[in-house]
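# Remarks on the overall topology
Listed below, chain by chain, are the residues.
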2 protein chains.
Amino acid sequence: MIDVTMGSNVSLYQQIYEQLKHKIISGELEEGTRLTSTRALAKNLCVARNTVESAYAQLCVEGYVSSKPGSGYYVMNMADDSLFIHLAPHLEKCSEKVGTVSQVDSTEYSHDFQFYNLEHASFPFALWRRLSAEALASFDARKICFYNDKQGELDLRTEITKYIRDSRGVRCTPDQVVLCCGTQHALDVICTLFHDGNRTVAVEIFGISVGPEGIDLDELDRTSTQLTYITPSHQFPTGVVMPIHKRVQLLQWATKRDGIIIEDDYDSELRYHTRPIPSLHSTDINGRVIYKGTFSKSLSPGLRMSYIILPKWLLPKYHTVFAGYNATISWFQQKIISLYMERGHWERHIRKVCLHNKKKHDILIKTIHEQMGDRVRIHGNNAGLHFLLEFVQGEKQEWLIEKAREHKVRVYPTRPYWHRKERCRENFILMGFSMLSEKEIVEGIALLKKAWFEQ
Amino acid sequence: MIDVTMGSNVSLYQQIYEQLKHKIISGELEEGTRLTSTRALAKNLCVARNTVESAYAQLCVEGYVSSKPGSGYYVMNMADDSLFIHLAPHLEKCSEKVGTVSQVDSTEYSHDFQFYNLEHASFPFALWRRLSAEALASFDARKICFYNDKQGELDLRTEITKYIRDSRGVRCTPDQVVLCCGTQHALDVICTLFHDGNRTVAVEIFGISVGPEGIDLDELDRTSTQLTYITPSHQFPTGVVMPIHKRVQLLQWATKRDGIIIEDDYDSELRYHTRPIPSLHSTDINGRVIYKGTFSKSLSPGLRMSYIILPKWLLPKYHTVFAGYNATISWFQQKIISLYMERGHWERHIRKVCLHNKKKHDILIKTIHEQMGDRVRIHGNNAGLHFLLEFVQGEKQEWLIEKAREHKVRVYPTRPYWHRKERCRENFILMGFSMLSEKEIVEGIALLKKAWFEQ
């Protein structure tokens, strides 16, 4: 039985979602149970049907229920675990560091469907100039002459804890935050933490299969690794979201193995048709997750700034291993970003960027449907800045990329991101829309239609 | 026979120095030969005696000759090597990363003789504000929205090659330069380069003894290490400069071992009574030296910026190992520093800072002599921002530090920098003058005299 309170601070959507989630986690709704239809529940509760649909869609994307077209929503298997009566997120694994694609290619592209650099217009130049001047004139600008805190300035770390608590459910204190100059540096710090006393690193990176529900846990279990790097809310590059039962299993794996899960929450701000998916960190009660966030996807990759949240129990080791280390980010830049967050600019920016990208995303999807119809399928989950395009008639990625190139349009191979190349399906390409305007997106898709389907 | 040309572009000092050096390297002047006295040579050449004295002093500090008080200058042993008829520098080893000293201490010091943070007044705030605004308004500010070159921006790397060529004799091209966000990051990059293919690091750090001529080469040779980290022009913390014959031997060791020498040239700009000592890199013709420079000692530690110069043969490996990596320093900051160097501000700044620190250094030395007389000996080599103070009557560092603390003056232990603690001599302390003004230096020494010698 579900109740909703009209006029509450909590939205109707949220009330329905939370109550159903609780019933599923607590076992009140058993595996296989069919949920009341959206129409019937909306009628019972006297709410709009799309409110119920939103709640069901969110439960679906988070893996609590599955949708069978024409039949309804069914409760999924939760794994036998009573530890995790908390929030509920998603997960999966990537064996490669997320990086830029290097390729020698002298083509002058007119439309580049890439997924890492951002649109020039999105950066707040005027505001940055004002805040720079303010940082330079501030009393504590004298700190530019110091070697500063290896974890980053306390002000900025405090702002970050507030932001990830409110937006991602990550609960931590500023002493757990370590600022890093990018993803690679963050991973290097973590790997260094797992050196043994003789300063010999023994980190092995295995490639683990990613299925429709994310990382293959059986395969992970057969390796000897204790460190797993995942992008749980939006796997790169497949875009899959790991359902809750897999997340629970992964946390169990880490607890059993004394292992660590690195949760790279790289584009969590950018979700377009469902609520943000809660972080894996928010479900972890045993301190097995190192959370990683970044300013690269929403603000600027050129600032080189990300952060990791270390579990409390790891802090003494961090301070021992990194004794004598200094900050890795310029004091000025830390000060500017700290002012930027403190004054609410960051939250406003996120909202603006998310809305802007949603518009671009929706136009892109709509244009692909219109132009290419059922010759392609889009795999993306309405999030982030990239998606995979599947070619139903089996066209090969090499041919697709070359044809696009002849029309001065750049699209990307998926192969570099597959550890076992033989498992990479050939009829997929990787596309992004991070650097194109709405107009350019429409133009680019028209050119691609010509390139691929009008011979 | 030495000739000098009056009115030449090359200073008289330089002419005398170069000719004598050449004669020593070529073997024309044999080991043990006594040089003509400064008085006689000055008379012969019709130049001022202090010109000759400067040339002899430089040869002395670089290890070509040694001075016997009351007797004169004698040519030293050059090691049997004909490969190195080039320039001539100095060298030695430090097993610990140079870092800040962490210590829980709630004393409110009135005078802190530390050696890493800089004086607030030394940073060019107004100019930085102008250049920041210019960088933000520049056409290529759009690059803030990109993931940029992992080695750093080409403009800046080009400026750095010009600077180290002119000031340190380091000859390299911009493709050999890698910008890093500090010493620790630079060392991490280098260690990562020496991973094996399985991504297993096996870097062992041995502590090698440092004698009056720097690192103990026999001891180094008995280890299995292939990677040696040294501060050749001004060892930290002893201040010793390795003489030329040791440098030659070290380069031979590296060639024989297929080893790499990391030359940390951290404070090369700051030499007060001799010319800068040529870098080890300038003597290396076999590509065994990775040169490292920094902006921390002369401009600002808070900018977090240093650079390494990789040998050409190592570049393909660098690009393989770091494929997919991005820059570690904010694009804006790179742009600002690039403008700063391009317009000659950096060179002017170095001259200003060097002069300013020379004044402080000389006042410090003079004040110590006046106040403490022959109860202490200064070990420093007229360079950098730190020196060692030896207590002739055997006072212990713990007592000295505590007594100073009671007078609200902070001085530092040497013990943290000794790998084998039992070899650290107890009657030494470490002092710096990087953060104190001339006035504060004089006051601080007066307080120390009171603390140590007026019971």
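Everything numeric here is computed off the predicted structure, so don't read it as measured data.

The two copies are related by a screw operation: chain B maps onto chain A through 180° of rotation and 0.0 Å of translation along the axis, at an RMSD of 0.0 Å. Such a turn and shift between the copies fits a two-fold axis. Looking at the interface residues of chain B, 100% of them are also at the interface in chain A, so both copies use one shared face.

Any two packed helices are characterised by the angle at which their axes cross and by the distance between the axes. All names here are of chain A. Remark: helix H5 (residues 154-168) packs on helix H10 (residues 331-342), axes separated minimally by 9 Å, with the N-to-C direction vectors making an angle of 40°. Classified by the angle their axes make, H5 and H10 are oblique. Our pair here, H5 against H10, has a crossing hand that is left-handed. Of the residues in H10, those in contact with Asp 155, Leu 156, Glu 159, Ile 160 and Tyr 163 of H5 are Gln 334, Ile 337, Ser 338, Met 341 and Glu 342. When grouped by side-chain class, the residues that make up the contact of H5 with H10 number five nonpolar, two polar and three charged.

Facing the 52 residues of chain B at the interface are 52 residues of chain A. If you look at where chain B meets chain A, you find zero salt bridges. Taken together, the connections running from chain B to chain A amount to 23 residue pairs in polar contact (both at pLDDT 80 or more). Looking at the side of chain B that touches chain A, the elements with two or more residues in it are helix H4 (125-137), helix H6 (183-193) and helix H10 (331-342) of chain B. Per-element accounting of the side of chain B that touches chain A gives the leading share, seven residues, to H4(B). Split into classes, the residues belonging to the side of chain B that touches chain A amount to 25 nonpolar, 18 polar and nine charged.

It is worth spelling out helix H4 (residues 125-137) of chain A at this point. In this model H4(A) runs 18 Å from its N-terminal to its C-terminal C-alpha over 13 residues, within 8% of the 18 Å that 1.5 Å per residue would give. If you follow the buried residues of H4(A), they end up packed against H10 and helix H11 (345-372) of chain A together with H4 and H10 of chain B.

Tallied over the full model, the rule gives 36 aromatic pairs over all chains. Here the aromatic rings of Trp128(B) and Tyr340(B) are separated by 5.4 Å at their centres, their planes lie at 65°, and the arrangement is edge-to-face. Taken together, the residues span a long stretch of sequence, with Trp128(B) in helix H4 and Tyr340(B) in helix H10 at a distance of 212 residues. The burial state of Trp128(B) is the same as that of Tyr340(B); both residues are buried. Following the ring pairs from residue to residue traces out a cluster consisting of Phe123(A), Phe125(A), Trp128(A), Tyr340(A), Trp331(B) and Phe332(B). Directly above the ring of Tyr74(B) sits Lys68(B), whose terminal nitrogen or CZ lies 4.4 Å from the centroid. For Arg375(B), the ring lying beneath its charged end belongs to Phe453(B), and the centroid distance is 4.3 Å.

So, on to the side chain of Lys297(A). Mapped onto the elements, Lys297(A) comes out in the loop between strand E9 (289-294) and strand E10 (306-309). It turns out Lys297(A) is buried and unbridged, and the closest side chain with the opposite charge, Asp267(A), is 7.4 Å from it. Separated by 3.0 Å, the side chains of Lys297(A) and Tyr147(B) make a polar contact. The residues contacting Lys297(A), other than those within four sequence positions of it, are Phe115(A), Tyr116(A), Leu118(A), Tyr266(A), Asp267(A), Leu270(A), Leu385(A) and Tyr147(B).

Turning to the sheet that holds strand E14 (residues 428-432) of chain A, a few remarks are in order. Residue and element names in this part refer to chain A. Overall, antiparallel pairing links the three strands, which are arranged E11-E12-E14 in an open sheet. Two strands in the sheet have a free side with no partner beyond their single neighbour: strand E11 (376-379) and E14. Each strand of the sheet is rotated relative to its neighbour by a mean of 30°, with strand direction disregarded. One ladder, built from four bridges, connects E11 with strand E12 (residues 386-391); its direction is antiparallel. For Val 376, the partnering residue across the bridge sits in E12 and is Phe 391.

Within the secondary structure, Ser300(B) is located in the loop between strand E9 (289-294) and strand E10 (306-309). Taking the relative accessible area as the measure of exposure, Ser300(B) reaches 0% and is therefore buried. Within the structure, the side chain of Ser300(B) is placed 3.1 Å from the backbone nitrogen of Leu303(B), a separation counted as a polar contact. Discounting chain neighbours no more than four positions away, the residues touching Ser300(B) are Ile144(A), Leu118(B), Phe123(B) and Phe295(B).

Another aspect to go through is the sheet that holds strand E7 (residues 227-230) of chain A. Residues and elements named next belong to chain A. Strand order in this open sheet of five strands is E4-E10-E9-E8-E7, and the pairing throughout is mixed. Whereas interior strands pair on both sides, the edge strands pair on one side only; in this sheet they are strand E4 (177-180) and E7. When strand polarity is set aside, the average angle formed by the axes of neighbouring strands in this sheet is 20°. With four bridges joining them, strand E8 (residues 260-264) and E9 adopt parallel strand pairing. Paired with Glu 263 across the bridge in E9 is Tyr 291. Sheet strands touched by H5: E4, E9 and E10. Its angle to E4, the strand with the most contacts, is close to 105°. Each of E7, E8 and E9 touches helix H8 (residues 244-257); the most contacted strand, E8, lies at about 140° to it.

This part covers the packing of helix H1 (residues 12-26) of chain A against helix H3 (residues 49-61) of chain A. All names here are of chain A. Put simply, H1 and H3 touch, their axes get as near as 9 Å, and they point 45° apart. As summarised for this structure, H1 and H3 are arranged oblique, according to the angle between their axes. Considering only the axes of H1 and H3, their crossing is right-handed. Taking contact as the criterion, the partners of Leu 12, Tyr 13, Ile 16, Tyr 17, Leu 20 and Lys 21 in H1 are, on H3, Thr 51, Val 52, Ser 54, Ala 55, Tyr 56, Gln 58 and Leu 59. Residues of the contact of H1 with H3, tallied by class, amount to nine nonpolar, three polar and one charged.

This part is about the nonpolar core. Trp452(A) and Trp452(B) are the most contacted members of the largest nonpolar core, which has 132 residues in total. Ignoring anything within four residues of it in the chain, the contact list for Trp452(B) reads Met372(B), Leu389(B), Phe391(B), Trp399(B), Leu400(B), Lys403(B), Ala404(B), Val411(B) and Ile429(B).

In this section: the environment of Phe125(A). Along the polypeptide, Phe125(A) turns up in helix H4. Dropping the residues within four chain positions of it, Phe125(A) is found in contact with His120(A), Leu136(B), Ala141(B), Arg142(B), Ile144(B) and Phe332(B).

Residue and element names in this part refer to chain B. All told, the structure shown has 45 salt bridges over all chains when counted by the stated rule. The salt bridge involving Asp 265 is made with Arg 168; its shortest N-O contact spans 2.5 Å. Taken together, the residues span a long stretch of sequence, with Asp 265 in the loop between strand E8 (260-264) and E9 and Arg 168 in helix H5 (residues 154-168) at a distance of 97 residues. Note on Asp 265: relative accessible area 3%, which makes it buried. In this structure, Arg 377 engages Glu 390 in a salt bridge whose closest nitrogen and oxygen atoms are separated by 3.2 Å. Pair noted here: Arg 377 is in strand E11 (residues 376-379) and Glu 390 is in strand E12 (residues 386-391), with a separation of 13 residues, a long-range link. For Arg 377, a relative accessible area of 45% translates into the label partly exposed. Residue class for Glu 390 comes out buried when judged on its relative accessible area of 7%.

What counts and how
Residues numbered from 1 in each chain as written. Chains lettered and ligands numbered in written order. Predicted model: local features only at pLDDT ≥ 70, side-chain atom pairs only at ≥ 80, totals over all residues. Heavy atoms only, no water. Least-squares fit on C-alpha atoms with pLDDT ≥ 70 in both. Contact = heavy atoms within 4.5 Å. Axes fitted to C-alpha atoms, helices over the stretch in contact; angles between N-to-C directions. Helix = DSSP H or I, 4+ residues; strand = E, 2+ residues; numbered from the N terminus. Parallel < 35°, antiparallel > 145°, perpendicular 65-115°, else oblique. Left-handed = near helix turned anticlockwise from the far one by under 90°. Nonpolar A, V, L, I, M, F, W, Y, C, P; charged D, E, K, R; others polar. Salt bridge = Lys/Arg side-chain N within 4 Å of Asp/Glu carboxyl O. Polar contact = N/O pair within 3.5 Å; in protein donor to acceptor, adjacent residues only side chain to side chain. Expected span 1.5 Å × (residues − 1). Phe/Tyr/Trp six-rings, centres within 6.5 Å; stacked < 30°, edge-to-face > 60°. Buried < 20%, exposed > 50% of the residue type's maximum accessible area, 1.4 Å probe, protein only. Lys NZ or Arg CZ within 6 Å of the ring centre and 35° of its normal. Lys, Arg positive; Asp, Glu negative; His and termini not counted. Pairing = 2+ DSSP bridges. Core = buried A, V, L, I, M, F, W, Y, C linked by side-chain atoms within 4.5 Å.

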